[in-house]
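Spelled out from the first residue to the last, the chains are:
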Amino acid sequence: MNGEDGVTSAPAQLEWKFSQVFGERTAGEEVQEVDIISAIEFDKTGDHLATGDRGGRVVLFERTDTKDHGGSRRILERMDGPVSRHPEFRYKTEFQSHEPEFDYLKSLEIEEKINKIRWCQTANSALFLLSTNDKTIKYWKVQEKKVKKVSEMNVDPSKAMGNGSAGSSSASTSGLKPCLANGGSLDRSYSYLSNDFSFPSSGIPSLRLPVVTSNETSLMARCRRVYAHAHDYHINSISNNSDGETFISADDLRINLWNLEISNQSFNIVDVKPANMEDLTEVITSAEFHPTHCNMLAYSSSKGSIRLIDLRQSALCDTHSKVFEEQEPPGSRSFFTEIIASISDIKFGKDGRYLLSRDYMTLKLWDINMDSGPVATFQVHEYLRPKLCDLYENDSIFDKFECCLSGDGLRVATGSYSNLFRVFGCAAGTTEATTLEASKNPMRRQAQTLSRPSRSLSSIARVVRRGADSQGVDANGNSFDFTSKLLHLAWHPTENSIACAAANSLYMYYA
């Protein structure tokens, strides 16, 4: 995308390496349903990573390899090339975000599964994030709190008298009972509650007071706001606005606009619900704010279209400013056409110029200034087209795969079956199409990847790229495992580093 002038050469293909794994399964270990990861999100700096699971928990990780490099500055300055650090994260904390609930009015169980996580702006070294299940959004603050402990008494024991002495000779001569170090009496009958207590005639020269210190710190997660009772249907998306004050939440038929500080009121800005539900032809599948323009947002539909709306046009955005959709070739329509056209995820590029969408078969890259069609199409599941009947029977055709863009906008990535994920180059002139496996040896599937050169579809640089056009068999000749699906992944905002979820395991790779 940076090579429109034809001068910049295409970037070299990346070689991906395994970095870390959290929650790795041993051979034959059964995965608990509640432990399966259902959301992944880097914060804007890339120093923190959050995951949510089907058990309603949010787990936070923090990066460790960017700290404490001051001592080697002189060595780094002598090196000619850029320094390539091995990205490393460590477990930071976890908390229970959502609990299972029951809607008694609708006789409906609301599961605790985390659908989406979004980081908010940090303040005073505290981390803020939004998490949502099907019905309720919560605003969390994670902060280090000092643990206070009573460490010692601030009095010299040798000079202590009265209730400060632990059974010394001075205590016995003054008629006081022996006392413990904390001021308690060894004789239970002798206490301040006793009626025959007499204050020493000589007085108490020193008072034993505790000293409270706070050497240790503990991470505390506190729910600041709960945004509930605003969605009749399951929430599929939340997205922060660049103004730092508002966010949107989307379900199948409506998109609501919230203020972070106001939890009991939201504004409905998009409503696609028809007067008669029998006339319903499409639903909202994903929504996201523009990364820099606080008045713009995009949402995708089950019919394969993406609508760009401007909040300045009207309070209820019934009309869109632009619509992005690709017309199907004549004569290609089948029973599965609308199902596989449904967009499961959209993501804006860092600068907001490009928009990435994922449907069941492809990744599409759109230029928001050009609504005639995608500037690039990447074939992800074309080899599954003959198996659509089987995929419909086992409901795999309804799987919702996420997508992501690199921070520099030169590459895109998405997941697939058999715990595979695919990385495509989208710069002008590149043919990069890499298939990786979520394991400690990500490149072992490389024999399967047959990348074909891009071909121009029109005078505008539209490209179609294929990745792993295999006939449904892996490197060992076995059929692809449709139960092992890599649905969730995230790209580091500033580096070529990807985090992806394979069941309950979090894998991280770098290039």
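Calculation rules
- Residues numbered from 1 in each chain as written.
- Predicted model: local features only at pLDDT ≥ 70, side-chain atom pairs only at ≥ 80, totals over all residues.
- Heavy atoms only, no water.
- Helix = DSSP H or I, 4+ residues; strand = E, 2+ residues; numbered from the N terminus.
- Buried < 20%, exposed > 50% of the residue type's maximum accessible area, 1.4 Å probe, protein only.
- Contact = heavy atoms within 4.5 Å.
- Areas by Shrake-Rupley, 256 points an atom, 1.4 Å probe, with all protein chains shown as cover.
- Pairing = 2+ DSSP bridges.
- Axes fitted to C-alpha atoms, helices over the stretch in contact; angles between N-to-C directions.
- Polar contact = N/O pair within 3.5 Å; in protein donor to acceptor, adjacent residues only side chain to side chain.
- pLDDT = per-residue confidence, 0-100.
- Patch = residues over 30% accessible without salt bridge, like charges linked within 9 Å, V, L, I, M, F, W, Y side chains within 5 Å.
- Salt bridge = Lys/Arg side-chain N within 4 Å of Asp/Glu carboxyl O.
- Phe/Tyr/Trp six-rings, centres within 6.5 Å; stacked < 30°, edge-to-face > 60°.
- Core = buried A, V, L, I, M, F, W, Y, C linked by side-chain atoms within 4.5 Å.

Asker: Any chance you could explain the overall build of the protein here in plain terms?
Answerer: Tallying secondary structure elements over the protein gives four helices and 31 strands in all. Classification of the 511 residues of the protein by burial places 48% in the buried group. Of all intrachain contacts in the protein linking residues separated by at least 6 positions in sequence, the fraction that spans at least 24 positions is 58%. Of the accessible surface of the protein, which amounts to about 26000 Å², a share of 49% is contributed by carbon and sulfur atoms.

Asker: What is the right way to look at the sheet that holds strand E12 (residues 237-240) in this model?
Answerer: Strand order across the open sheet formed by four strands is E12-E13-E14-E15, with antiparallel pairing between neighbours. Whereas interior strands pair on both sides, the edge strands pair on one side only; in this sheet they are E12 and strand E15 (262-271). The average undirected angle you get between the axes of adjacent strands in this sheet is 25 degrees. In the sheet, strand E13 (residues 246-250) pairs with strand E14 (residues 254-259) via five bridges, with the strands oriented antiparallel.

Asker: How should I be thinking about the environment of Leu436 in this particular structure?
Answerer: Turning to its location among the elements, Leu436 is positioned in strand E27 (residues 433-437). Looking at Leu436, the relative accessible area reads 0%, which means it is buried.

Asker: I tried to follow the side chain of Ser305 on my own but got confused; where do I start?
Answerer: Here Ser305 shows up in the loop between strand E17 (296-301) and strand E18 (306-310). Polar contacts involving the side chain of Ser305 include one to the side chain of Arg307, which spans 3.1 Å. Ignoring anything within four residues of it in the chain, the contact list for Ser305 reads Glu282, Tyr299, Ser300, Val323, Phe324, Glu325 and Ile343.

Asker: Before we go on, may I ask you to explain the sheet that holds strand E24 (residues 403-405) in this structure?
Answerer: The strand order E24-E25-E26-E27 describes an open sheet built from four strands, whose pairing is antiparallel. Either end of the sheet is taken by a strand with one partner, and the two such strands are E24 and E27. Ignoring strand direction, the axes of neighbouring strands in this sheet form an average angle of 20 degrees.

Asker: Looking at this structure, I do not really get the pairing of strand E26 (residues 420-425). What am I missing?
Answerer: For a regular strand, the rule is simple: side chains alternate between the two faces of the sheet. Among the six residues that make up E26, six are buried, leaving the element largely enclosed by the rest of the structure. Of the two faces of E26, the one holding Leu420, Arg422 and Phe424 and the one holding Phe421, Val423 and Gly425 are both buried throughout. Between the end of strand E25 (residues 411-415) and the start of E26, which pair antiparallel, lie four residues, with Ser418 showing a positive phi angle near 55 degrees. Pairing between E26 and E27: five bridges, direction antiparallel. Following the sheet pairing, Phe424 is matched in E27 by Ala433.

Asker: What's the story with the confidence of the model for the protein in this structure? I'm lost.
Answerer: Reading predicted coordinates in detail is not appropriate for stretches of low pLDDT. Per-residue confidence for the protein gives a mean pLDDT of 82; residues scoring 70 or more make up 77%. For residues 69-73, every residue scores under 50 in pLDDT, and the model assigns this stretch one contact once sequence neighbours within four places are set aside.

Asker: Sorry if this is basic, but what is going on with a nonpolar patch on the surface here?
Answerer: Taken together, the side chains of Phe335, Tyr392 and Phe398 make up a nonpolar region of the molecular surface, amounting to roughly 320 Å² of accessible area. With respect to the element layout, Phe398 can be found in the loop between helix H4 (388-393) and E24.

Asker: Can you help me understand unusual backbone geometry in this one?
Answerer: Leaving glycine aside, a negative phi is the common case for residues, and trans is the common case for peptide bonds. With a phi close to 70 degrees, Asp395 is a non-glycine residue in the positive phi region. Judged by relative accessible area, Asp395 falls into the partly exposed class, the value being 47%. Not every positive phi belongs to a glycine, and Ala503 is a case in point at roughly 60 degrees. With respect to the helices, strands and loops of the structure, Ala503 is situated in the loop between strand E30 (497-502) and strand E31 (505-510).

Asker: Could you clarify how one ought to interpret the packing of aromatic side chains in this entry?
Answerer: For any pair of aromatic rings, the description consists of the separation of the ring centres together with the inter-plane angle of the planes. Tallied over the entire structure, the rule returns 22 aromatic pairs. Plain terms: the ring middles of Tyr227 and Phe247 are 5.1 Å apart, the flat faces sit at 75 degrees to each other, and that makes the pair edge-to-face. Residue Tyr227 is found in strand E11 (residues 210-227), and its partner Phe247 is found in strand E13; the two are separated by 20 residues along the sequence. For the pair shown, Tyr227 and Phe247 are each scored as buried. Taken together, a centroid distance of 5.3 Å and an interplanar angle of 85 degrees make the contact between Phe335 and Tyr392 edge-to-face.

Asker: Just to check I follow, could you spell out the nonpolar core for this structure?
Answerer: For soluble globular proteins, nonpolar side chains are generally found buried alongside one another. Among the nonpolar cores identified, the biggest contains 17 residues, and Trp16, Phe421, Val423, Leu489, Ile498 and Cys500 are the most heavily contacted of them. Looking at this core, the element that brings in the most residues is E30, giving three residues. In this structure Ile498 touches Trp16, Ala413, Phe421, Val423, Leu489, Ala490, Trp491, Tyr507, Met508 and Tyr509, once residues within four positions along its chain are discounted.

Asker: Would you mind showing me how to read the environment of Ala438 here?
Answerer: Looking at where Ala438 falls in the secondary structure, it is placed in the loop between E27 and strand E28 (463-466). On the accessibility criterion, Ala438 (7% relative accessible area) is buried.

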